[in-house]
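Each chain, written out:
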Amino acid sequence: MVSADFSVNSGAVFTEAIGNDRLDLLTDYPFTRLANLLAPITPRANVAPILLTVGEPQHTPPAIIEETLRANSAGWNKYPPVGGTPEFRAAAGDWLTRRYDLPAGLLHADSSILPLSGTREALFMLALLAVPTRKAGRQPAVLMPNPFYAPYEGAAVMAGAEPVFLSATRETGFLPDLDALTPELLERTALFYLCTPANPQGAAATPAYLAKAIGLARQYGFVLAVDECYAEIWLDAPPAGALQVATALPHEDGKPWANLLVFHSLSKRSSAAGLRSGFVAGDPALIGRFSRLRSYGCAGMPLPVLAASTALWRDEAHVEENRAAYRAKFAAAEAELGGRYGYCRPAGGFFLWLEVGNGEEAAKRLWAEGAVRVLPGAYLSRSNPGEPNPGDAYIRVALVQDTDTVAQACASIVRILG
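Remember, predicted model here, so these are calculated numbers, not experimental data. (Residues numbered from 1 in each chain as written. Predicted model: local features only at pLDDT ≥ 70, side-chain atom pairs only at ≥ 80, totals over all residues. Heavy atoms only, no water.)

Participant: I would appreciate a short explanation of the domain arrangement of the protein in the present structure.
Facilitator: How big an interface is tends to be expressed through the accessible area that disappears when the partners come together. Splitting the protein by domain gives domain 1 (21-60 + 318-417) and domain 2 (63-316). The C-alpha-based centres of domain 1 and domain 2 are spaced at 25 Å. Contacts between the two partners involve 36 residues from domain 1, matched on the other side by 38 residues from domain 2. Where domain 1 meets domain 2, there are four salt bridges. With a shortest N-O distance of 3.0 Å, Arg345 and Asp236 are connected by a salt bridge. (Domains from an automatic or database assignment. Contact = heavy atoms within 4.5 Å. Salt bridge = Lys/Arg side-chain N within 4 Å of Asp/Glu carboxyl O.)

Participant: How should the sheet that holds strand S12 (residues 394-398) be read in this particular structure?
Facilitator: By definition, the strands of a sheet pair up through backbone hydrogen bonds, in either a parallel or an antiparallel sense. Read across the open sheet, the three strands follow the order S9-S12-S11; overall the sheet is antiparallel. The open sheet has two edge strands with one neighbour each: strand S9 (351-355) and strand S11 (375-376). Of the strand pairs in this sheet, S11 and S12 are connected by two bridges, and their pairing is antiparallel. For Leu375, the partnering residue across the bridge sits in S12 and is Arg396. (Pairing = 2+ DSSP bridges. Helix = DSSP H or I, 4+ residues; strand = E, 2+ residues; numbered from the N terminus.)

Participant: Sorry, what's going on with the side chain of Asn389 here?
Facilitator: Along the chain, the position of Asn389 falls in the loop between S11 and S12. Within polar-contact distance, the side chain of Asn389 engages the backbone nitrogen of Gly391 at 2.8 Å. Beyond its immediate chain neighbours, meaning those up to four positions away, Asn389 contacts Ala378, Ser381, Arg382 and Ser383. (Polar contact = N/O pair within 3.5 Å; in protein donor to acceptor, adjacent residues only side chain to side chain.)

Participant: Would you mind going over the packing of aromatic side chains with me for this structure?
Facilitator: Aromatic ring pairs are reported here in terms of the distance separating the ring centres and the angle at which the planes meet. Under the defined criterion, the tally for this structure stands at 14 aromatic pairs. Taken together, a centroid distance of 6.4 Å and an interplanar angle of 75° make the contact between Trp95 and Phe279 edge-to-face. Separated by 184 residues along the polypeptide, Trp95 in helix H3 (residues 86-99) and Phe279 in strand S8 (residues 278-282) bring together distant segments of the chain. The two residues Trp95 and Phe279 agree in class, both being buried. With a centroid separation of 4.5 Å and an interplanar angle of 5°, the aromatic rings of Tyr152 and Tyr193 are classed as stacked. Note that Tyr152 is positioned in helix H6 (residues 150-158) and Tyr193 in strand S5 (residues 189-195), a separation of 41 residues in sequence. The burial state of Tyr152 is the same as that of Tyr193; both residues are buried. The ring of Phe290 carries the charged tip of Arg294 above its face, separated from the ring centre by 5.9 Å. A cation over an aromatic ring shows up here: Arg373 above the ring of Trp367, its NZ or CZ 4.6 Å from the ring centre. (Phe/Tyr/Trp six-rings, centres within 6.5 Å; stacked < 30°, edge-to-face > 60°. Buried < 20%, exposed > 50% of the residue type's maximum accessible area, 1.4 Å probe, protein only. Lys NZ or Arg CZ within 6 Å of the ring centre and 35° of its normal.)

Participant: Looking at this structure, I do not really get H3. What am I missing?
Facilitator: An α-helical segment advances 3.6 residues per turn. Residues three or four places apart therefore align on the same side. Helix length check: H3, at 14 residues, gives a terminal C-alpha distance of 20 Å against a target of 20 Å (1.5 Å per residue), a fit within 8%. Within the sequence span of H3, burial applies to Phe88, Arg89, Ala91, Ala92, Gly93, Trp95, Leu96 and Arg99. One or two residues past the end of H3 sits Asp101, with phi positive at roughly 50°. (Expected span 1.5 Å × (residues − 1).)

Participant: Is there a simple way to think about the UniProt feature "domain: Aminotransferase class I/classII large" (unreviewed entry) in the protein in this case?
Facilitator: The UniProt record annotates "domain: Aminotransferase class I/classII large" (unreviewed entry) at residues 50-413. Taken end to end, residues 50-413 has its terminal C-alpha atoms 12 Å apart, with 40% of it in helix and 15% in strand. (UniProt positions renumbered as here; feature names shortened; annotations may be inferred.)

Participant: I keep staring at the environment of Val82 and nothing clicks. Help me out?
Facilitator: Turning to its location among the elements, Val82 is positioned in the loop between helix H2 (63-71) and H3. For the pair Val82 and Pro302, spaced 220 residues apart in the sequence, the C-alpha separation amounts to 9.6 Å. If we skip the residues at most four places from it in the chain, Val82 touches Leu114, Pro115, Ser291, Arg294, Ser295, Cys298 and Gly300.

Participant: What should I look at first to understand the sheet that holds strand S3 (residues 141-146) in this one?
Facilitator: The strand order across the open sheet built from seven strands is S2-S8-S7-S6-S5-S3-S4, with neighbouring strands paired in mixed fashion. Unpaired on one side and paired on the other, strand S2 (113-116) and strand S4 (162-167) mark the two borders of the sheet. Strand-to-strand twist across the sheet, computed as the mean angle between neighbouring axes with direction ignored, equals 20°. Its contacts with the sheet place H6 against S3, S4, S5 and strand S6 (223-227), and it is angled at close to 165° to S3. The strands touched by helix H8 (residues 207-220) are S5, S6 and strand S7 (260-265); relative to S6, the strand with the most contacts, the crossing angle is about 150°. (Axes fitted to C-alpha atoms, helices over the stretch in contact; angles between N-to-C directions.)

Participant: Looking at this structure, I do not really get the nonpolar core. What am I missing?
Facilitator: Soluble globular proteins tend to pack their nonpolar side chains together in the buried interior. One finds Leu96, Leu260 and Leu352 to be the most contacted residues of the largest nonpolar core, which totals 92 residues. Ranked by residues supplied to this core, first place goes to H8 with seven residues. Residue contributions to this core reach at least three from each of two domains, namely domain 1 (21-60 + 318-417) and domain 2 (63-316). Filtering out sequence-adjacent residues up to four positions away, Leu352 remains in contact with Phe330, Ala333, Leu337, Tyr343, Ile395, Arg396, Val397, Leu399 and Cys410. Counting residues in hydrophobic clusters, the runner-up holds 33 residues, among them Val142, Phe165, Leu191 and Val280. (Core = buried A, V, L, I, M, F, W, Y, C linked by side-chain atoms within 4.5 Å.)

Participant: What is the right way to look at unusual backbone geometry in this model?
Facilitator: The phi angle of most residues is negative, glycine excepted, and most peptide bonds adopt the trans form. Across the junction of Asn146 and Pro147, the peptide omega takes the value 15°, indicating a cis bond. With respect to the element layout, Pro147 can be found in the loop between S3 and H6. The linkage connecting Asn199 with the following residue, Pro200, adopts the cis geometry, with an omega of 20°. Note on placement: Pro200 falls in the loop between S5 and H8. With phi around 70°, Asn259 is a residue other than glycine that occupies positive phi space. Mapped onto the elements of the fold, Asn259 is located in the loop between helix H9 (242-248) and S7.

Participant: Explain the side chain of Glu232 here, please?
Facilitator: Following the sequence through the fold, Glu232 ends up in the loop between S6 and H9. Residue Glu232 is classed as buried on the basis of its relative accessible area, which comes to 7%. Discounting residues that sit within four places of it in the chain, Glu232 has contacts with Trp95, Arg99, Arg269, Glu316, Val319 and Arg323.

And the structure:
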């Protein structure tokens, strides 16, 4: 009889060779890297830590959440359907129609909207849907802005595609330069992730920019995934939406959103990150296939959460209050920073993208001398051959604390970094 030693230290079972080796192509997640960077550093004992790394809003969530969860508590013992409830889909569809001035009756919520337990897992899983084994006879490419939201890269790599990092710098308006994309690259592109307003720079794509991206997706046969999770946090004017733009473009009858998916979330809009609630909308053919895929690998959103989410999508008052709070925080940050570090007023989102020379060194100094925790920009970006990492010189500061705390943190940044 052959016996096996399953102890952790034996090395007989748990080896680096076991498992999907694509995972080894990825770095640690940005916040894991940050924890490792700052672990040896002890901040000054007389300073209260200010955490500005994770985009986790600290505003008090709307009371409607607790009230609706309590009223629908009978649903906790039921398995929810992947497609959610008709009420949720209708609320999301009505909101999209109002927010983006879509023609009445154009959006059929039951075929064009799918609820999500937060958008991160769906943005990741999308690559499993969109990436074929080969495209144009070669390894498929997944395009993404650089800097980027980390799940985009993870999704591309784990789906077997080549992640292609498109520099989104001050020179390009903090969005990828679509005119720089070559036909050779576009022919093998399977998926293009685009975030607007951008994380971390806050740039918003214009209607003309979105129209060009949609046109390329249709011309070259790839999926355009527009991450609009920050669309409701804007300073001066509401950003354009991809569904809105696509509707106005020439299209085949009944297919205004061909090749297009947009993602929305309540995490930022409603300060409800823990609710894990969002949706994807767009091309009904892609939504149908996405629903089929998610039936195999995802749990549906619980019925009480669906009910609370429905109520939130139907309420605008709390969103306006939320937006006003972020405007106040940006005003406080601007007053303290005084135009330093290349600061420019973003179109949307709640991040500062500050040029500090060396992002890692700045993050270490801010933690050691001021107990201010920020994220090095290099952890959100990658180097391309012959080009510097576009995030090396930056830090990302999430304005998720209250206004006074934001002002205090920005004053510390100026005092410590000079």
